[in-house]
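In case you want the letters, here they are:
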Amino acid sequence: SREECLRTGAMGESAGAVVTYASAYLCVGLNLGALNNDLLGYLRDTKLFGYPYAVRQLLLIFRQTTLNLQTTVENPTLLCGEAMDQECELKKVEGPARKMTKRDIDTHRLALCCFYNDWETAEMLIEALEEYIDENDVFVLRGHFRRCYMGLAGF
């Protein structure tokens, strides 16, 4: 579990547990309020335990995705709101970290496009994500999440 990993200093495994939990939770359609509260706690942990910023960014992406699903926003397929602004987050990283952050933002935006029937934006995001279709993601369920929404939006 995440707690056991934190107690033993296995930060990578702990981050993996959180990403797996959040990805699965979004896929099964449970109450998003509980996930949002959990993500707030996990975000506090990233500061407390000194996680790399990339982990914090990924959790911010998950949190903004849940907020976009829970509240009325002007454009629900953009990750801009209470938790984060996608353009500001992209400016905080460069090189491979920027590329990974963009991939994760695009993946969550694609999921939101499926929920909100924004197929025009979905088409653009599928093209941006094509290069990652066969990528071996360090977080297995994150790759699965991406592929599921690429497949769903492709129909």
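Note that this is a predicted model, so its numbers are computed, not measured.

1. Here we look at the overall build of the protein
- Within the protein one finds 8 helices and 0 strands.
- For the protein, whose C-alpha radius of gyration is 15 Å, the value lies close to the compact-globule estimate of 15 Å for 155 residues.
- Across its three principal axes, the protein shows a C-alpha extent of roughly 45 × 30 × 30 Å.
- The buried share among the 155 residues of the protein stands at 48%.
- Taking the contacts inside the protein whose residues are at least 6 apart along the sequence as the reference set, 55% of them involve residues at least 24 apart.
- As displayed, the protein has an accessible area near 8200 Å², and 55% of this comes from carbon and sulfur atoms.
- Within the protein, the 22 negative side-chain charges are centred at a point lying 6 Å from the centre of the 16 positive side-chain charges.

2. Quick look at the packing of aromatic side chains
- By the definition in use, this model includes 5 aromatic pairs.
- Each ring, one from Tyr 21 and one from Tyr 42, has its centre 6.1 Å from the other, and the planes form 90 degrees; the classification is edge-to-face. One end of the pair, Tyr 21, is in helix α2 (residues 11-28); the other, Tyr 42, is in helix α3 (residues 32-48), and 21 residues separate them in sequence.
- By relative accessible area, which is 26% here, Tyr 21 ends up partly exposed.

3. Structural notes on the side chain of Asp 106
- Inspection of the secondary structure puts Asp 106 in helix α6 (residues 96-116).
- When residues no more than four places from it in sequence are discounted, the contact partners of Asp 106 are Leu 125, Ala 128 and Leu 129.

4. Brief notes about the environment of Asn 37
- Mapped onto the elements, Asn 37 comes out in helix α3.
- Between the C-alpha atom of Asn 37 and that of Trp 119, which follows or precedes it by 82 residues, the distance is 30 Å.

5. Notes on α6
- Taking 1.5 Å per residue as the helical rise, α6 with its 21 residues ought to reach 30 Å, and the 30 Å between its terminal C-alpha atoms agrees with that figure.
- Remark: Asn 117 follows α6 within two positions and exhibits a positive phi of approximately 55 degrees.

6. Structural notes on the packing of α6 against helix α8 (residues 140-154)
- Their axes nearest at 9 Å, the elements α6 and α8 cross at an angle of 45 degrees. Taken as axis vectors, α6 and α8 run oblique relative to one another. Our pair here, α6 against α8, has a crossing hand that is left-handed. Across the interface between the two elements, Arg 103, Asp 104, Thr 107, His 108, Leu 110, Ala 111, Cys 114 and Phe 115 from α6 touch Arg 142, Phe 145, Arg 146, Tyr 149, Met 150, Leu 152 and Ala 153 from α8.
- Split into classes, the residues belonging to the contact of α6 with α8 amount to 9 nonpolar, 2 polar and 4 charged.

7. Structural notes on the environment of Cys 80
- Positionally, Cys 80 belongs in the loop between α4 (53-70) and α5 (86-91).
- A C-alpha to C-alpha distance of 9.7 Å links Cys 80 and Leu 67, two positions 13 residues apart in sequence.

Conventions used here
Residues numbered from 1 in each chain as written. Predicted model: local features only at pLDDT ≥ 70, side-chain atom pairs only at ≥ 80, totals over all residues. Heavy atoms only, no water. Helix = DSSP H or I, 4+ residues; strand = E, 2+ residues; numbered from the N terminus. Rg over C-alpha atoms; globule rule 2.2 N^0.38 Å. Buried < 20%, exposed > 50% of the residue type's maximum accessible area, 1.4 Å probe, protein only. Contact = heavy atoms within 4.5 Å. Areas by Shrake-Rupley, 256 points an atom, 1.4 Å probe, with all protein chains shown as cover. Lys, Arg positive; Asp, Glu negative; His and termini not counted. Charge placed at Lys NZ, Arg CZ, Asp CG, Glu CD. Phe/Tyr/Trp six-rings, centres within 6.5 Å; stacked < 30°, edge-to-face > 60°. Expected span 1.5 Å × (residues − 1). Axes fitted to C-alpha atoms, helices over the stretch in contact; angles between N-to-C directions. Parallel < 35°, antiparallel > 145°, perpendicular 65-115°, else oblique. Left-handed = near helix turned anticlockwise from the far one by under 90°. Nonpolar A, V, L, I, M, F, W, Y, C, P; charged D, E, K, R; others polar.

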